[in-house]
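# Coordinate analysis (summary)
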Amino acid sequence: VVDVRLSLGLLQSSNRNLRREALAVQNGWLESSLVEDPDPQVRAEAIRSLARQDNPDAAHISELIRFAKPSHEVEVASGIPWGGRHGTPVPSGPPYDREFERFLVRMSLEKHPAALAAFLDCSAAEEVPAENRLFASLALPPEQATRYFLSAWHEVDRLPDDEELLLLLRGSSDPELRPLVSKLFSNPENASTLMRASLPLLSRLALVRNSVRYGQA
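Here we summarise the structure given alongside this text. (Residues numbered from 1 in each chain as written. Predicted model: local features only at pLDDT ≥ 70, side-chain atom pairs only at ≥ 80, totals over all residues. Heavy atoms only, no water.)

Moving on, we get to the nonpolar core. Ranked by size, the top nonpolar core spans 31 residues in total, and within it Leu-34, Ile-65, Phe-67, Val-105, Leu-109 and Leu-116 carry the most contacts. Residue assignment for this core shows that the elements contributing at least two residues are helix 2 (16-24), helix 3 (40-51), helix 4 (58-67), helix 5 (94-110), helix 6 (113-121), helix 7 (130-137) and helix 8 (142-153). At five residues, the largest contribution of residues to this core is made by helix 3. The contact partners of Leu-116, leaving out residues within four places of it in the chain, are Ile-61, Ile-65, Leu-109, Ala-136, Ala-139 and Leu-140. (Core = buried A, V, L, I, M, F, W, Y, C linked by side-chain atoms within 4.5 Å. Buried < 20%, exposed > 50% of the residue type's maximum accessible area, 1.4 Å probe, protein only. Helix = DSSP H or I, 4+ residues; strand = E, 2+ residues; numbered from the N terminus. Contact = heavy atoms within 4.5 Å.)

Right, let's get into the pattern of salt bridges. Evaluation of the coordinates by the stated rule reveals 15 salt bridges. Among the ionic pairs, Glu-45 bridges to Arg-52, the shortest N-O distance being 3.5 Å. Residues Arg-106 and Glu-163 are paired through a salt bridge, measuring 2.8 Å at the closest nitrogen-oxygen approach. Remark: Glu-163 occurs in helix 9 (residues 162-170) and Arg-106 occurs in helix 5; sequence separation between them is 57 residues. The same class applies to Arg-106 as to Glu-163, namely buried. Connected via shared salt-bridge partners are Glu-45, Arg-48 and Arg-52. (Salt bridge = Lys/Arg side-chain N within 4 Å of Asp/Glu carboxyl O.)

At a closest axis distance of 11 Å, the pairing of helix 6 and helix 8 adopts a crossing angle of 25°. It follows that helix 6 is roughly parallel to helix 8 by the angle criterion. Between helix 6 and helix 8 lies a crossing whose hand is left-handed. Each of Ala-117, Leu-120 and Asp-121 in helix 6 lies in contact with helix 8, whose residues at this interface are Gln-144, Arg-147 and Tyr-148. Taken together, the residues of the contact of helix 6 with helix 8 sort by class into three nonpolar, one polar and two charged. (Axes fitted to C-alpha atoms, helices over the stretch in contact; angles between N-to-C directions. Parallel < 35°, antiparallel > 145°, perpendicular 65-115°, else oblique. Left-handed = near helix turned anticlockwise from the far one by under 90°. Nonpolar A, V, L, I, M, F, W, Y, C, P; charged D, E, K, R; others polar.)

Shown next, in the form of structure tokens:
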């Protein structure tokens, strides 16, 4: 194991390669936060270090979630449609870096649902931005995600993205989710936008339902 003091010293360097490698040899790095590091390679390596922690505690989960900042708003340009993770390219540069970091965080959180749920239940979770908590809730199995999703959703002011909309459509018969679904789709300003966004998700929704049905057979 590399001396923590050595890594701390290297993380003060202006050379991104030194900062990145200082994290590559550490597991579960919490000695300093790299969430605001200016270099995407360093941020990605910090996430990987946290992900290498076999038994993450609340501090590890909190730091992972803080890395999952909201996606960049991207204007359609050069004929490249922006549609997030599913089916369309992600523009290069900062938008791509952000999506990759979110992917790394999501992959790590999905491996530790119990630790994630325990963190979202504790008071420390209230210190994490709602958008980050909303993203983290989607890493839980759908039957667990609802409560945490709704708690965070009440703190944001926007329409759901594709994955959030998929969760809402899957749970439209869920008593907890039904009021939100009704509110969103009954608003004439939002209804047509949400309906158009829902259409491409129908095949994914059917696939999920079939998987559940066959799993229960």
